[in-house]
Amino acid sequence: MRAPIGTFEDASPASERLGLLPAPVAAALAAGWGDVAAERIIHVDTDPAVADTAVFVQHHGADLLDTSANCVVVAGKRGGETTLAACVVLSRTRVDVNGAVRKHLGARKASFAAMDTAVGETGMEYGGITPIGLPAHWPLLLDPAVVDEEWVLIGSGSRRGKLIVPGKALAALPGAVVVEGLGV
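Residues numbered from 1 in each chain as written. Predicted model: local features only at pLDDT ≥ 70, side-chain atom pairs only at ≥ 80, totals over all residues. Heavy atoms only, no water.

Asks: Please explain the pairing of strand E3 (residues 69–78) as it appears in this structure.
Replies: Within a regular beta strand, the side chains point alternately toward one face of the sheet and then the other, so they alternate between its two faces. Across ten bridges, the pairing between E3 and strand E4 (residues 81–90) is antiparallel. Residue Cys71 lies in a different strand from E4, and its bridge partner there is Val88. Between E3 and E4, which pair antiparallel in sequence order, lie two residues; one of them, Gly79, sits at a positive phi of approximately 55°. For E3 and strand E5 (residues 109–112), the ladder comprises four bridges, and the chain directions are antiparallel. (Pairing = 2+ DSSP bridges. Helix = DSSP H or I, 4+ residues; strand = E, 2+ residues; numbered from the N terminus.)

As structure tokens, then:
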């Protein structure tokens, strides 16, 4: 199978590779969401040593920087309570944690969640966290530019491999909200 973006040697429907994915990601893909079936999501098998965005695009093509998105876990705090959320922005931008995120969560303070918290709460590997399979009660904040992409390359929940997803499919995930100005 040929991936719709990038030049990957090993691409297949994610439904055929559920065993390569962390349990929450595999379960979400198997169940599907909205009108998105697992067969529409593509898994590309890649080397974990080149999973970080800058190295990944050097290895697989600079054009992927425009169609790749990063998913980060943030913690919003207000009055002793912490709300965890995930934010997805195009890789060439960064998350506006102290502006758009803090405002959307109604938090006094917002910051990136500690690595142990992000990994423990998602069941995914750090550096591979994906919006697919996150805890359903979490807010999932998406930058409009991500949703507008025909195809987006995102993490697979593991540092090995990536998922290629229609941008609009991400907006149908549980808890998803499109937030203007999320990526700056």
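The discussion continues.
Asks: Please clarify how the pattern of salt bridges should be interpreted in this entry.
Replies: As a working rule, side chains carrying opposite charge can pair if their charged atoms are close by. Under the criterion given, the structure shown has four salt bridges. Here Asp45 ties to Arg160 by a salt bridge, and the two come within 2.7 Å at their closest N and O atoms. Remark: Arg160 occurs in the loop between strand E7 (151–155) and strand E8 (162–166) and Asp45 occurs in the loop between strand E2 (42–44) and helix H2 (53–60); sequence separation between them is 115 residues. Using a relative accessible area of 21% as the deciding quantity, one classes Asp45 as partly exposed. A residue is classified by how much of its surface remains accessible, and Arg160, at 36% relative accessible area, is partly exposed. (Salt bridge = Lys/Arg side-chain N within 4 Å of Asp/Glu carboxyl O. Buried < 20%, exposed > 50% of the residue type's maximum accessible area, 1.4 Å probe, protein only.)

Asks: Just checking my understanding: could you explain helix H3 (residues 97–105) for this structure?
Replies: Considered for burial, the residues of H3 that qualify are Val97, Ala100, Val101 and Leu105. Viewed end-on, H3 has its buried residues packed into an arc of 120°, placing them on one side of the element. Turned more than 90 degrees away from the buried face of H3 sit Asn98 and Lys103, all of them exposed. Looking at the buried side of H3, the elements it contacts are E3, E4, E5 and strand E6 (140–142). Taking the backbone nitrogen of Gly99 as reference, a side-chain oxygen 3.1 Å away marks Asp96 as the first, capping residue of H3. Positive phi shows up at Gly106, right after H3, with a value of about 65°. (Arc of directions from axis to C-beta. Contact = heavy atoms within 4.5 Å. Polar contact = N/O pair within 3.5 Å; in protein donor to acceptor, adjacent residues only side chain to side chain.)

Asks: Even after reading the chapter, I still don't get the packing of aromatic side chains, so can you show me in this structure?
Replies: Within this structure, the stated rule accounts for one aromatic pair. Above the plane of the ring of Phe56 lies Lys162, whose end atom (NZ or CZ) is 5.0 Å from the centre. (Phe/Tyr/Trp six-rings, centres within 6.5 Å; stacked < 30°, edge-to-face > 60°. Lys NZ or Arg CZ within 6 Å of the ring centre and 35° of its normal.)

Asks: In this structure, what is going on with the pairing of E7? I would like to understand it.
Replies: Taking burial as the measure, the five residues of E7 include five buried ones, the bulk of the element. Relative to E8, E7 runs antiparallel, the two sharing five bridges. In the strand pairing of E8, Trp151 is matched with Pro166. Between the antiparallel neighbours E7 and E8 lie six residues, among them Gly157 with a positive phi of about 95°.

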